[in-house]
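# Reading the structure
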Amino acid sequence: MTESRRHVGTVGLFDDPDSLLEAARQVRDAGYRKWDCHTPYPIHGLDQAMGLRESPIPYICLTAGFIGVGVAMWMQWWMDAVDYPVRIGGKPLFSWPAFVPITFELFVLFAALATMGSILVFCRLGKWHSPLHDSGIMADVTSHRFAVVLDRADAVYDRQAADSLLAGAGCQDIRPLYENEGDDGIL
Amino acid sequence: MSVTAPLDDRSQPLPEGSRFDRLQKTAYALVGLGALMSLVALWLDSERFAFGYLWGYTFIWAVALGSLFFVGLHHITHSVWSVVIRRIAEMFASLMPLILVLMIPLFIFAFFSTPFSLFPWTDMELVQGDHVLEQKLAYLNVPFFVVRGILFGGIWALFARFFVNNSLSQDNGEFAEQKTLRMRKWSTVFMPVFALTITFASFDWLMSLEPHWFSTIYGVYVFSGVAATGLAAITIAVVWLRSVGLLDTSVVRADHLYNLGALLFTFTCFWAYIAFSQFMLIWYASIPEETVYYIHRMHPGWLEVTVVLAFVRFIVPFFLLLSRPAKMDPRRLLLVSVLVLIGQLLDLYWLIMPALHRAVPRLGWQEVGPVVLLVGLIVLFVVRFLSSRRLTASGDPLFAKSVDFHL
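Residues numbered from 1 in each chain as written. Chains lettered and ligands numbered in written order. Predicted model: local features only at pLDDT ≥ 70, side-chain atom pairs only at ≥ 80, totals over all residues. Heavy atoms only, no water.

## So, the overall build of chain A
Which entries qualify depends on this criterion: Only DSSP runs of H or I reaching four residues or more are called helices, and only runs of E reaching two or more are called strands; each is numbered from the N terminus. As defined in this context, the radius of gyration uses C-alpha atoms, and a globule is described by 2.2 Å times the residue total to the power 0.38. Relative accessibility thresholds used throughout: buried, under 20% of the residue-type maximum; exposed, over 50%; partly exposed, between the two (1.4 Å probe, protein chains only). Any pair of residues with heavy atoms lying within 4.5 Å of one another is described as a contacting pair.
Counting secondary structure elements, chain A contains seven helices and four strands. In chain A, the order of α-helices and β-strands from amino to carboxyl end is β-α-β-α-α-α-α-α-β-α-β. Compactness check: chain A gives a C-alpha radius of gyration of 25 Å against a globular reference of 16 Å for 187 residues, more than 25% above the reference. In terms of principal-axis extent, the alpha carbons of chain A reach across some 80 × 40 × 30 Å. Taken across its 187 residues, chain A has 34% of its residues classed as buried. Of all intrachain contacts in chain A linking residues separated by at least 6 positions in sequence, the fraction that spans at least 24 positions is 78%.

This is the structure:
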């Protein structure tokens, strides 16, 4: 049975994290934007070696948190002072100290949900397939090896250049990456 | 990796000695000026002097006890990252014997309620016929107050001596393993003892200024400020010693600074949490004998102090330290640490002074004098420590691992 498949990128496998870090620096300096590293455990300094930009997630988290503060204050003001005003303990209808715990909780809730949601979006959840699943490298990079994966969709990608770039970085195991037609995933 | 930086070798004469000279001269000037102001205040207005002394005393107490807490926390959690900066915490913790000695004026203020009238419960004319204060006599009486003070101060001084001496003797590398294990073991005794002593000390020295009022969370409130103050003092010293080259920036790196910043951020938030918890429960229940405390602090004049306190202690440091790069930036850390120390002074002022200046807050040389004197004194002791000791616990078995700490 032969399925039609197309070439989508290049994988370079390394046996130790230091070689991976060096390769990542070279790939970064070659101007790649669409590429990734896969390692069995977090590696210190990989973010810098890959030249990753600052994540926007903290800003999303903080903004959502402050929206939560606004919503909580507005909601309690509307409930307790407008829609169903009940005087409790002789205190003003809008007694902000009593609203602080709920405001704090909504701050945390909105911030947490926005963080979770944005992580899912940035991880492109919804795409259920990656060519790496069929490539046979996943068992290795989740146990003892380290991979650099270059995406063909990258503006500077060229198959020969990618091979020689990885070989120049000391990679002994360079493999082309294929994807079956219809699987429709990217990296 | 150079584990022992050559700069840190105290067998050589200090190349940076002149920096300490300047600091030492400043400290002498502070002590001289503060002593002069204190003496005049004692002569002219002994009541304001007593309140000012308590203010300054509890401030330097917070620096020393907060640092001792940091050392205990380091040992009980088996921390690795903090080994490289532990000596700085030990430096402030070693002030504890001085704190014990400087407690003596508090006893004098308690004994002589007539010129000082610092603690109202020492004035028998006031206590007689006051049902609440009569009931509290079993605890709030001068002999027991003195015994407790000596007991608490003695416990802190002994633990400080134990932790600091064991750590200093590790510098020659003898039995370093065993000493670490011994300190780890005793830190588990220290922590609960610390919790009890700081709680009752804060009842004795601060809460008893308004002896009718009580709050069970008061000890935790004071602790949150003390812990932040210790961290701020440690951070200032670390950043300064790095900038003058006495702490190697390849030993105390951004990763270590980040942890200091994160802890400072934590205790800033913790203070706000406790402060608001105390306020909200009292406000909500609205029981007169409890709300009186906040009524004193929320009428015009004192309300401004309360609002500024919330900003200096929580809101401003919160935003200044929120981002990850900020927690690694020495200049930002220095700024926030100074702000936290100012916040602690303001917090103690807010806790102490409404008992004296009920109508409107007042701040004069009478109150400032003792603070200047006491701060000058601890700077003198810090200079003495800096010029005679290694500044890193390089004999600690975990030192190399600590240098290699990554976030």
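What follows continues from the structure just given.
## Structural notes on the pairing of strand E1 (residues 5-14) of chain A
Across a regular strand the side chains alternate sides, sitting on one face of the sheet and then on the other. Residue and element names in this part refer to chain A. This is how the line gets drawn: At least two DSSP bridges between two strands are needed for those strands to be called paired.
Most of E1 sits out of view: eight of its 10 residues are buried. Both E1 and strand E4 (residues 173-180) contribute to a ladder of eight bridges, which runs antiparallel. Among the inter-strand pairings, valine 11 is bridged to a residue of E4, identified as arginine 175. Inspection of the sheet shows E1 paired to strand E3 (residues 146-151) by six bridges, in the antiparallel sense. Note that in E3 the partner of valine 11 across the bridge is valine 149.

## Some remarks on empty space enclosed by the protein
All names here are of chain B. What counts here: Here a cavity is any set of points on a 1 Å grid over the protein atoms alone where a 1.4 Å probe fits but cannot get out, and a pocket is any open set with protein on both sides within 12 Å along at least 5 of 7 lines; a residue lines the site when it has an atom within 4 Å of a point. Grid points are joined across faces, edges and corners, and a volume is the space filled by probe spheres set on the points.
Enumeration over the complete set of coordinates arrives at four cavities of 30 Å³ or more. Of the pockets and cavities examined, the largest cavity occupies roughly 60 Å³. His74, His75, His78, Ser79, Val83, Arg86, Thr180, Arg184, Asp396 and Leu398 together form the lining of the largest cavity. Looking at the lining of the largest cavity, the elements with two or more residues in it are helix H2 (46-76) and helix H10 (176-205).

## Section: the packing of aromatic side chains
All names here are of chain B. To be explicit about the condition: Side-chain rings of Phe, Tyr and Trp, where Trp is taken by its six-membered ring, are said to pair if the distance between their centres is within 6.5 Å; with planes under 30 degrees apart they count as stacked, over 60 as edge-to-face, and otherwise as tilted. Any Lys NZ or Arg CZ that is within 6 Å of a ring centre and within 35 degrees of that ring's normal is treated as a charge sitting over the ring.
All chains considered together, the criterion is met by 51 aromatic pairs over all chains. A ring pair is formed by tyrosine 53 and tyrosine 57, whose centres lie 6.2 Å apart and whose planes are at 10°; its orientation type is stacked. One end of the pair is tyrosine 53 and the other is tyrosine 57, both in helix H2 and four residues apart, which spans about a single turn. Residues phenylalanine 162 and tryptophan 186 carry aromatic rings whose centres are separated by 6.3 Å and whose planes lie at 65° to one another, so their mutual orientation is edge-to-face. Here tryptophan 186 lies in helix H10 and phenylalanine 162 lies in helix H9 (residues 142-169), a separation of 24 residues in the sequence. Each residue in the set Phe69, Phe159, Phe162, Phe163, Trp186, Phe190, Phe194, Phe223, Phe267 and Phe270 is aromatic and connected to the rest through ring pairs, giving one cluster. When the ring centre of tyrosine 293 is taken as reference, the NZ or CZ atom of arginine 297 above it lies at 3.6 Å.

So, to be careful, I would describe these as geometric facts and stop short of saying anything about function.
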